[in-house]
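Topology and contacts: notes
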Amino acid sequence: MNSSFSEDLEKAEKEYGVGSKGEYFTIQEGDNNIRILSKAIPLAQHFLGKNVKPAVCFGADKGCPHHGEKNSPPGLKFATWIYDHKAKTISLAKLPYTVMKAIAAFEKNDEYKFSELPMPYNVNIKAIKAGTKEVEYNVIPARQNTPVPPAILEEYKKKTDINELIEKFKTKEAENAGAVIQTEPSSNEDEINPADIPF
């Protein structure tokens, strides 16, 4: 059987709106300065073992094959578009629950509260023992609000809507497992203004 990894990769990049220029964000040891651009969508993943890519959970009720007595429950992360200041690129991030819990607390804090996206300030996710089960995160908000540069906002507008992107991940995983997910078509086909998206 003929196969081309480069063609498959190119097809996946187009289908999911993610390119090969480091557009997946991974929390590194130390400082990770980012700006959250989109709302965060829960993304459950089944961890299938060391050095095995996790499987996106599309729901036990929809036929996800990774549920049952012999399988551990899926882990929960939150998918969001971010601007990575170190890489100087917009990336898809899968942020851990503890990081999202800290960001949700800022939303209600008198000094750091916000209600619109992109977030009005940067956050630094300081990681200790990144890439291990013992990882610790300290989420530090910037002391002042700063506007997102227009060039970054323009680039962000070209990205696939985060809700649509996660649905594509789930649908693809379901197709690979032989299940079918019914999705409702989007009622709004216009470009989404990041300022109109609630967190």
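The present account deals with the structure reproduced in this document. Bear in mind that the values here come from a model prediction, so they are computed numbers and not experimental data. (Residues numbered from 1 in each chain as written. Predicted model: local features only at pLDDT ≥ 70, side-chain atom pairs only at ≥ 80, totals over all residues. Heavy atoms only, no water.)

In this section: the packing of aromatic side chains. Per the counting criterion, the structure on display carries three aromatic pairs. Plain terms: the ring middles of phenylalanine 106 and tyrosine 112 are 5.9 Å apart, the flat faces sit at 55 degrees to each other, and that makes the pair tilted. Judged by its relative accessible area of 11%, phenylalanine 106 falls in the buried class. Assessed through its relative accessible area of 15%, tyrosine 112 is described here as buried. Seen from their ring centres, phenylalanine 114 and tyrosine 121 are 6.1 Å apart, and the 90 degrees between their planes marks the pair as edge-to-face. On the accessibility criterion, tyrosine 121 (1% relative accessible area) is buried. Through pairs of rings, three or more aromatic residues link up here, namely Phe106, Tyr112, Phe114 and Tyr121. Directly above the ring of phenylalanine 169 sits lysine 94, whose terminal nitrogen or CZ lies 6.0 Å from the centroid. (Phe/Tyr/Trp six-rings, centres within 6.5 Å; stacked < 30°, edge-to-face > 60°. Buried < 20%, exposed > 50% of the residue type's maximum accessible area, 1.4 Å probe, protein only. Lys NZ or Arg CZ within 6 Å of the ring centre and 35° of its normal.)

The biggest cluster of nonpolar side chains holds 21 residues, and the ones touching the most others in it are Ile36, Leu95, Ile103 and Met119. Looking at this core, the elements with two or more residues in it are β2 (33-36), β5 (75-84), β6 (89-96), α2 (97-108) and β7 (123-128). With four residues, the top contributor of residues to this core is α2. Formed by 16 residues, the second largest nonpolar core is a distinct cluster that contains Leu37, Ala79, Tyr83 and Val148. (Core = buried A, V, L, I, M, F, W, Y, C linked by side-chain atoms within 4.5 Å. Helix = DSSP H or I, 4+ residues; strand = E, 2+ residues; numbered from the N terminus.)

Looking along the chain, the bond that leaves leucine 117 and enters proline 118 is cis, with omega of 0 degrees. Even without glycine at this site, lysine 129 takes up a positive phi of about 65 degrees. Relative to the helices and strands, lysine 129 is located in the loop between β7 and β8 (136-141).

Now for the pairing of β7. When β2 meets β7, the two strands line up antiparallel, connected through two bridges. Residue pairing in the sheet places isoleucine 34 in a bridge with valine 123 of β7. Taken together, the six bridges between β7 and β8 define a ladder with antiparallel strand orientation. Note that in β8 the partner of lysine 126 across the bridge is asparagine 138. (Pairing = 2+ DSSP bridges.)

This paragraph deals with helix α4 (residues 162-177). Along an α-helix, a turn takes 3.6 residues, which lines up residues three or four apart on a common side. Between its first and last C-alpha, α4 extends 23 Å over 16 residues, near the 22 Å set by a 1.5 Å rise per residue. Two residues or fewer after α4 comes glycine 178, characterised by a positive phi angle close to 85 degrees. (Expected span 1.5 Å × (residues − 1).)

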